[in-house]
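Residue-level structural notes
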Amino acid sequence: MHVRCPDRLGEDLYRQVLELMAELSPVVQALPPTAALVELKGALRYHGVDAVRLGEVLRVRTISRLGVDIRVGIGPTITVAATASGRITGPGGVLAVTPGQVTQWLGPLPVQALHGIGPRQAEILRDYGVHCVGLLAALPPATVQRLLGGRAGRQAADRARGIDPRPVTPRALPATASVHRAFPRHALDGAAVRAALLDAVVTLALQLRRRGQAARGLALTLRFAGGATWDKTRRLAEASAHEDDLRTMAYRLIDAAGLQRGRITGITLKAEDLVAAGQVAEQISLDQAREARLAAEEVSDRIRARFGPDAVRPATTLLRVG
């Protein structure tokens, strides 16, 4: 069961909706800021009702207890359930797709309606005449990989056929993640500060990827001698945990500070409005240099996993920071 709450739902209300889900099933995966997954297999046996009934019960409870209407999609896989919840018009409702209906139901949908297909991917597919999910499912997987890239193409081809082996993983994700760097001596804006900021970006991005999260916003706080602080937050164009994207935004933030001769004692870089990485559609940039950097990032992650987090560090770190 994939549940979508109203946009801009407060954190307190969101947590209360999660608690109502937990009354139906112990296997609930939070997808902040406003969505969640619920595994129903054990719940169906326990409650002795069908999946549609559980979805209706959850909706009635959120409306009556919290005044919050929800959209509930039910299906045999995460992709089908999430696609179903996205097809509900209006503020709330329940839409269920049985295993036997998956191919017939997905086929006529516009390709952009398939959960996990981003706008850029949908545009590429439409340019090649693939306007609906049924046509995407009919393409050989190798063809889809050539159009969308290796991993993204494999996932799109499988999910168009209703194949998605991902389990619902019980998890309440933290809302933020942050990295702090302090200067042993007061530093002026320049190479040393930028090097520390780059080191913070790399550490924060790795932390997000290990936790299976992506950030929709980035905040930078600068601390100055005497106790004064400066902070600014900006939204990313798309949720990301890639160093490329976080670095670009971090540099924009520090440029916005307009530092002259301020004596900086520390910086804090915080990723905000985190979402599960599985919610983020992998976009094709068509920028070969960027794609090469992302490939190098994957290799660096594997090296760090084997030899430790310090096995790969930014080459431009000019200052010892802690």
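Now for a description of the structure that goes with this document. Since the model is a prediction, treat every value here as computed from it, not as a measurement.

Looking now at the pattern of salt bridges. Note on pairing: side chains with opposite charge can pair once their charged atoms come close. Taken as a whole and assessed by the stated rule, the structure comprises 11 salt bridges. Arg61 serves as the salt-bridge partner of Glu23, at 3.3 Å between the closest nitrogen and oxygen. Here Glu23, found in helix α1 (residues 11-24), pairs with Arg61, found in helix α3 (residues 51-66); they are 38 residues apart in sequence, far enough to count as distant. In this structure Glu23 comes out as partly exposed when scored by relative accessible area, which is 42%. The shortest N-O distance in the salt bridge between Lys270 and Glu272 comes to 3.5 Å. A cluster of three or more residues bridged by salt bridges with shared partners is formed by Glu23, Arg61 and Arg65.

Structurally, the position occupied by Thr62 is in helix α3. At a separation of 2.9 Å, a polar atom in the side chain of Thr62 contacts the main-chain carbonyl oxygen of Arg59. Separated by 2.9 Å, the side chain of Thr62 and the backbone oxygen of Val68 make a polar contact. With residues up to four places along the chain from it excluded, the contact list for Thr62 reads Val17, Leu20, Gly67, Val68 and Ile70.

In this section: the packing of aromatic side chains. In this structure the tally under the stated criterion is zero aromatic pairs. The ring of Tyr251 carries the charged tip of Arg194 above its face, separated from the ring centre by 5.5 Å.

With that out of the way, let us pick up the packing of helix α8 (residues 141-148) against helix α9 (residues 150-160). It is the contact of α8 with α9, at a shortest axis distance of 7 Å, that shows an interaxial angle of 135 degrees. Judged by the angle between their axes, α8 and α9 are oblique. Judged by the sense of rotation from one axis to the other, the crossing of α8 with α9 is right-handed. In this structure, α8 contributes Pro141, Val144, Gln145 and Leu148 to the contact, and α9 contributes Gly150, Ala152, Gly153, Arg154, Ala156 and Ala157. Residue classes in the contact of α8 with α9 are distributed as six nonpolar, three polar and one charged.

The two faces of strand β3 (residues 35-38) match: Ala35 and Leu37 on one face and Ala36 and Val38 on the other face are all buried. Where strand β1 (residues 2-4) lies against β3, three bridges are found, and the strand directions are antiparallel. Residue pairing across strands places His2 opposite Leu37, the latter belonging to β3. Alignment of strand β2 (residues 28-31) against β3, held across four bridges, turns out to be antiparallel. Paired with Gln29 across the two strands is Leu37, which belongs to β3. Counted along the chain from β2 to the antiparallel partner β3, the turn is three residues long.

All buried positions along α9 are accounted for by Ala152, Gly153, Ala156, Ala157, Arg159 and Ala160. Elements that come into contact with the buried residues of α9 comprise α4 (78-86), α5 (102-106), α6 (119-127), α7 (133-138) and α8. Following α9 by one or two positions, Gly162 adopts a phi angle in the positive range, close to 85 degrees.

Strands belonging to one sheet form pairs held by backbone hydrogen bonds; the direction of such a pair is parallel or antiparallel. In space, the five strands of this open sheet follow the order β2-β3-β1-β4-β5, with mixed pairing throughout. Single-partner strands in this sheet number two, and they are β2 and β5 (93-96). Neighbour-to-neighbour, the strand axes of this sheet turn through a mean angle of 15 degrees, independent of strand direction. Where α1 meets the sheet, its contacts fall on β1, β2 and β3, and the angle it forms with β2 comes to roughly 160 degrees.

Moving on, we get to α3. An α-helical turn contains 3.6 residues, so a residue and the one three or four places further along point in the same direction. Over its 16 residues, α3 extends 22 Å from the first C-alpha to the last, a length consistent with the 22 Å expected when each residue adds 1.5 Å. Within α3, the full set of buried residues consists of Ala51, Leu54, Gly55, Val57, Leu58, Thr62 and Leu66. Considered in projection along α3, the buried side chains sweep an arc of 160 degrees and stay on one side of the axis. Along α3, the residues that are exposed and aim more than 90 degrees away from the buried face are Val60 and Ser64. On the buried face of α3, the contacting elements are β1, α1, α2 (41-47), β4 (71-74) and β5. Just downstream of α3 lies Gly67, where phi reads positive at about 70 degrees.

As for its position among the elements, Arg223 is in strand β7 (residues 213-224). A residue is classified by how much of its surface remains accessible, and Arg223, at 35% relative accessible area, is partly exposed. Sequence spacing of Arg223 and Thr268 is 45 residues, and the spatial spacing of their C-alpha atoms is 8.4 Å. Leaving out residues up to four positions away in the same chain, Arg223 has contacts with His180, Ala228, Thr229, Arg263, Ile264, Thr265, Gly266 and Thr268. Engagement of the side chain of Arg223 in a polar contact is seen with the side chain of Thr268, the distance being 2.8 Å.

Here is what the cut-offs are and how they apply
Here the residue numbers are simple positions, counted from 1 along each chain's written sequence. Whole-chain, interface and lining totals are the exception, using all residues; otherwise, since this is a predicted model, local features are given only for residues with pLDDT of at least 70 and side-chain atom pairs are given and counted only at 80 or more. Derived side-chain values reflect all non-hydrogen atoms in the structure, with water molecules and hydrogen atoms excluded from consideration. A pair is scored as a salt bridge if a Lys or Arg side-chain nitrogen falls within 4 Å of a carboxyl oxygen belonging to Asp or Glu. Under the scheme used here, helices are H or I runs from DSSP no shorter than 4 residues and strands are E runs no shorter than 2 residues, and both carry numbers assigned from the N terminus. For the exposure calls, accessible area comes from a 1.4 Å probe over protein chains only, and a residue counts as buried if that area is under 20% of its type's maximum, exposed if over 50%, partly exposed in between. In protein, a polar contact means a hydrogen-donor-capable atom and an acceptor-capable atom, both N or O and within 3.5 Å, with residues adjacent in sequence counting only if both atoms are side-chain atoms; elsewhere, any N or O pair within 3.5 Å suffices. It only takes one pair of heavy atoms within 4.5 Å for two residues to be counted as in contact. Each Phe, Tyr or Trp ring (for Trp, its six-membered ring) is paired with any other whose centre lies within 6.5 Å, and the angle between the two planes then decides the class: stacked below 30 degrees, edge-to-face above 60, tilted in between. Over a ring means this: the NZ of a Lys or the CZ of an Arg is within 6 Å of the ring centre and within 35 degrees of the ring normal. Axes, fitted as lines to C-alpha atoms, cover a helix only where it is in contact. Angles between the N-to-C directions of the axes lie from 0 to 180 degrees. Reported orientations rely on four angle classes, namely roughly parallel under 35 degrees, roughly antiparallel over 145, roughly perpendicular from 65 to 115, and oblique for the rest. Crossings are assigned a handedness: left-handed for a near helix turned anticlockwise from the far helix by less than a right angle, right-handed for a clockwise turn. Asp, Glu, Lys and Arg are counted as charged, while Ala, Val, Leu, Ile, Met, Phe, Trp, Tyr, Cys and Pro are counted as nonpolar; the rest, among them Gly, fall into the polar class. Any two strands with at least two DSSP-identified bridges between them are counted as paired. To estimate how far a helix should reach, multiply one less than its number of residues by 1.5 Å. Throughout, the arc means that of the directions going from the helix axis to the C-beta atoms.

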